[in-house]
Amino acid sequence: MKVLVACEYSGVVRDAFTKLGHKAMSCDIIPTDAEGWHYQGSVMDVLSDGWDLMIAHPPCTYISNAGARHLYPKSVLNKDRYHKGMEAVEFFMALYNAPIKMIAIENPTPSKIFGLPPSSQSIQPYEYGHPFQKRTNLWLKNLPLLIPTNIVEHRESTKVVGNWFNAGGKDRQKNRAKTFQGIADAMAAQWGTL
C-alpha cells in the first residue's frame, strides 16, 4: 500500500507502516526527525501522487476548542485569529476532500464556530497502551473505526502542570504534535490490511 502521512515531521506513523512493508512517506514543511522517506514542503505538492491511504495531522492551533478563549478575548471577536482559523479550515477541508480513496484526519475537538464536519470517532492514548488522557478525534473516509488494542487502567491527564507534555521550551509544540506509538501501530496494523 502507498501511504501518505501528511503534516508529520516525527516519522512515527510513517515508520509504523514502513515496518509492515508499506511504501509510506511523511510530509511536512519542516525536516523529519527520523531517517526515512520524507517530503519537506507543502502536502499540496504531493496530494495527487497516487496514494492509497492518507493519514493527516493538520495544524490545529487556530481551530481547536482549546484555543477558543483567544477567539473572543474580552467578549470581542479577534478578527485576525478568526481569519487564521478560516485558513486552517480551508486546509483541513482540502485534505478531507483529497483525491485519495482512504483518508484519516487527526485533530483535537474543533471550535463549533468553524463548522467542520462531525468526526467519525474519538480515541485516547490509554486505549493504545499509553497511560495518558488526550482526546483526539478522527475523521475517516472509507476506513473502519480504530479498535483499541491495549487499555491502560491508570491514566494521567496531559493537562497536569509539569509533566512531559506541558514542559515549556522551544520543542513544546513539536513534542505535543507527536503521535503516540501505540496509536500509530494500531493504524498500521488495522488500516494497512485494507
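Residues numbered from 1 in each chain as written. Predicted model: local features only at pLDDT ≥ 70, side-chain atom pairs only at ≥ 80, totals over all residues. Heavy atoms only, no water.

Draft legend 1. Structural context of the environment of Pro148. Tracing the sequence through the fold places Pro148 in the loop between β8 (136–141) and β9 (156–157). Residue Pro148 is classed as partly exposed on the basis of its relative accessible area of 36%. When the C-alpha positions of Pro148 and Ile183 are compared, they lie 8.6 Å apart, and in sequence the two are 35 residues distant. (Helix = DSSP H or I, 4+ residues; strand = E, 2+ residues; numbered from the N terminus. Buried < 20%, exposed > 50% of the residue type's maximum accessible area, 1.4 Å probe, protein only.)

Draft legend 2. Here's a closer look at helix α1 (residues 12–19). Among the residues of α1, those classed as buried are Val12, Val13, Arg14, Ala16 and Phe17. Against β1 (2–6), β2 (23–28), β3 (38–40), β4 (53–56) and α4 (181–191) lie the buried residues of α1. (Contact = heavy atoms within 4.5 Å.)

Draft legend 3. Summary view of the packing of α1 against α4. Contact pair α1 / α4: the axes reach a minimum separation of 8 Å and the direction vectors enclose 40°. As summarised for this structure, α1 and α4 are arranged oblique, according to the angle between their axes. The two elements α1 and α4 meet at a crossing, and its hand is right-handed. For the pair α1 and α4, the contacting residues are Val12, Val13, Ala16 and Phe17 in the first and Gln181, Ala184, Asp185, Met187 and Ala188 in the second. Classifying every residue of the contact of α1 with α4 by side-chain character gives seven nonpolar, one polar and one charged. (Axes fitted to C-alpha atoms, helices over the stretch in contact; angles between N-to-C directions. Parallel < 35°, antiparallel > 145°, perpendicular 65-115°, else oblique. Left-handed = near helix turned anticlockwise from the far one by under 90°. Nonpolar A, V, L, I, M, F, W, Y, C, P; charged D, E, K, R; others polar.)

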